[in-house]
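These are the residues of each chain, in order.
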Amino acid sequence: MVEIPYELYCVDVTYGFTNRLANIRITEEEIKFLKTRCPYFNDAYLDFLTTFKLKPSEQIEIKFTPVNDTGSDSDTGDVEYLVKGLWVDTILYEIPLLALTSEAYFMFSDKDWDYSCQEEKAYRKGCTLLENGCIFSEFGSRRRRDYHTHDLVMVGLMKAAEEGKRQGWKGRFTGSSNVHFAMKYGVDPVGTVAHEWYMTIAAITDDYENANELALRTSASGPATTNESTVQSEAETKAPITAPLRDGGARTSHETYAQAYTGVRQDSGDPVYFVKMVRDFYDREGITDKKTMVFSDSLNIEHCLEYKVIAEEAGFQPVFGVDDFTNKSNDEKSKPLNIVIKISTANGHPAVKLSDNMGKNTGDKQKVQEVKKKLGYVEHEWEEGDESNRWSKR
């Protein structure tokens, strides 16, 4: 939830849902792009996308709670969205809903930003990362200021990538998590396995001890998993698995998931502790392959360079997803919205997400505690664990 003016809720959000999202359809050109860049999507899934449409008027409930209800249109408060329906019909709401919310907030509430030098800033940051050998992607969709800013950032990063090639820098810009911009600029759409997959499998089965393994086994033959997908669990199996490859084919082997998957993603908590924990795990399993470690939690350039050293010293190939912005008035780190959409219930069962940051735990509090106890989950203190303090000095 996020504080925004009441008038924003009435005008922009409701209007945006019914007039933007309900009218979105995939085009033939976009299907062609997915076939070329995402060969792991099978024909059945692509056929499904050709007829898919969101129905916000039927699937979304919006609740606004003023902090101090004066009846004025300028009252601020919390906006909460409840999306209901079949998972296949509703899972694609997450990014557009969050992007619309962020855009609305930075249009009406926080105006301490503009387009000035955004392309140049993105170019300089991209060059710094590339020159220092960082592999990174653009991760800014859900917290963006607006479409135009997002476009300027992509232009700057593409120029940096070209400069990196000319200079022979070891770093690499791998693409964007925004499929539209990936298509517009001819780069790969990149991302990681969503928390929702594991959360929902666990909620449906209520088997939290084995949910991660079941989710991995199920997704290994699914259309949306690639050999570059990431996992966040120590759950392993020695049973045969089918691991999809980048070319759309598959291999059947007796590898464990830790052997078959190319790496892990660090989503929350202390990166130093996470690197050590994962290194210890791979060592116990006798895995000597150089694995990828994706960092994507509240990153700026300084954090990327710091975590790169830590990860490489532990034998990993670090990769970064960066979402970075500064204030116009003082050039300090701009504080984006702390907004998120997660599965709440599945088949009537509460769904929970456990995080290494207390503030990122989601779901029914009683169920969270029950699952933590069942799994022997231990919280780890970290001085930067309060995400709100990491976004800005203010």
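Predicted, not measured: the structure shown is a model, and the values here were computed from it.

1. Points about the side chain of Asp-151
Then comes step 1: Within the element layout of this structure, Asp-151 appears in helix 8 (residues 147-167).
Then comes step 2: Owing to a relative accessible area of 15%, Asp-151 belongs among the buried residues under this scheme.
Then comes step 3: In this structure Asp-151 touches Phe-181, Lys-184 and Tyr-185, once residues within four positions along its chain are discounted.

2. Brief notes about the pairing of strand 10 (residues 263-266)
Then comes step 1: Alternating residues of strand 10 divide into Gly-263 and Arg-265 and Val-264 and Gln-266, and every residue in both groups is buried.
Then comes step 2: Relative to strand 11 (residues 292-295), strand 10 runs parallel, the two being bridged by 4 bridges. If you follow Val-264 over to strand 11, its bridge partner there is Met-293.

3. Examining the packing of aromatic side chains
Then comes step 1: A full pass over the atoms with the stated rule returns 15 aromatic pairs.
Then comes step 2: Ring centres of Phe-136 and Phe-173 lie 5.4 Å apart, and the angle between their planes is 40°; on these two criteria the pair is classed as tilted. Separated by 37 residues along the polypeptide, Phe-136 in strand 4 (residues 135-138) and Phe-173 in strand 5 (residues 172-176) bring together distant segments of the chain. The burial state of Phe-136 is the same as that of Phe-173; both residues are buried.
Then comes step 3: Members of the aromatic cluster, joined through ring pairs, are Tyr-40, Phe-41, Tyr-45, Phe-48 and Phe-52.
Then comes step 4: The ring of Phe-106 has Arg-145 lying over it, and the distance from NZ or CZ to the ring centre is 3.8 Å.
Then comes step 5: Across the ring face of Phe-316, the terminal group of Arg-279 is positioned such that the distance to the ring centre comes to 4.9 Å.

4. Considering the packing of helix 2 (residues 28-37) against helix 3 (residues 43-51)
Then comes step 1: Interhelical geometry of helix 2 versus helix 3 gives an angle of 160° and a closest axis separation of 11 Å. Taken together, the axes of helix 2 and helix 3 are roughly antiparallel relative to one another. Classified by chirality, the crossing of helix 3 by helix 2 is right-handed. Where helix 2 abuts helix 3, its residues Ile-31, Leu-34 and Lys-35 lie against Leu-46, Leu-49 and Thr-50.
Then comes step 2: For the contact of helix 2 with helix 3, the per-class residue count stands at 4 nonpolar, 1 polar and 1 charged.

5. Here we look at unusual backbone geometry
Then comes step 1: Phi angles above zero are rare outside glycine, and Cys-117 is one such case at about 60°.
Then comes step 2: By the element assignment, Cys-117 lies in the loop between helix 6 (94-108) and helix 7 (118-131).

Calculation criteria
All chains use their own residue numbering, which begins from 1 and follows the written sequence. For this predicted model, a pLDDT threshold of at least 70 governs which residues receive local features, and a threshold of 80 or more governs which side-chain atom pairs are given and counted, while totals over whole chains, interfaces and linings are taken from all residues. Neither water nor hydrogens contribute to the side-chain values; these are computed over all heavy atoms in the structure. In this description a helix means any DSSP run of H or I spanning at least four residues, a strand means any run of E spanning at least two, and both kinds are numbered starting from the N terminus. Accessibility here uses a 1.4 Å probe with only protein chains present; expressed as a share of the type maximum, an area under 20% marks a residue as buried, one over 50% as exposed, and anything in between as partly exposed. Any two residues whose heavy atoms approach within 4.5 Å are treated as being in contact. Should DSSP find at least two bridges between two strands, the strands are taken to pair. When two rings of Phe, Tyr or Trp (its six-membered ring) have centres within 6.5 Å they constitute a pair, described as stacked for plane angles under 30 degrees, edge-to-face for angles over 60, and tilted for the intermediate range. Placement of a charge over a ring requires the Lys NZ or Arg CZ to be within 6 Å of the ring centre, with the centre-to-atom vector within 35 degrees of the ring normal. Axis angles are defined between N-to-C directions and span 0 to 180 degrees, where every axis is a line fitted to C-alpha atoms and, for a helix, only to the segment in contact. Relative orientations are named as follows: roughly parallel for angles under 35 degrees, roughly antiparallel for angles over 145 degrees, roughly perpendicular for angles from 65 to 115 degrees, and oblique for any other angle. What makes a crossing left-handed is the near helix being turned counterclockwise from the far one by less than a right angle; a clockwise turn instead makes it right-handed. Three residue categories are used. Nonpolar comprises Ala, Val, Leu, Ile, Met, Phe, Trp, Tyr, Cys and Pro, charged comprises Asp, Glu, Lys and Arg, and polar comprises the others, including Gly.

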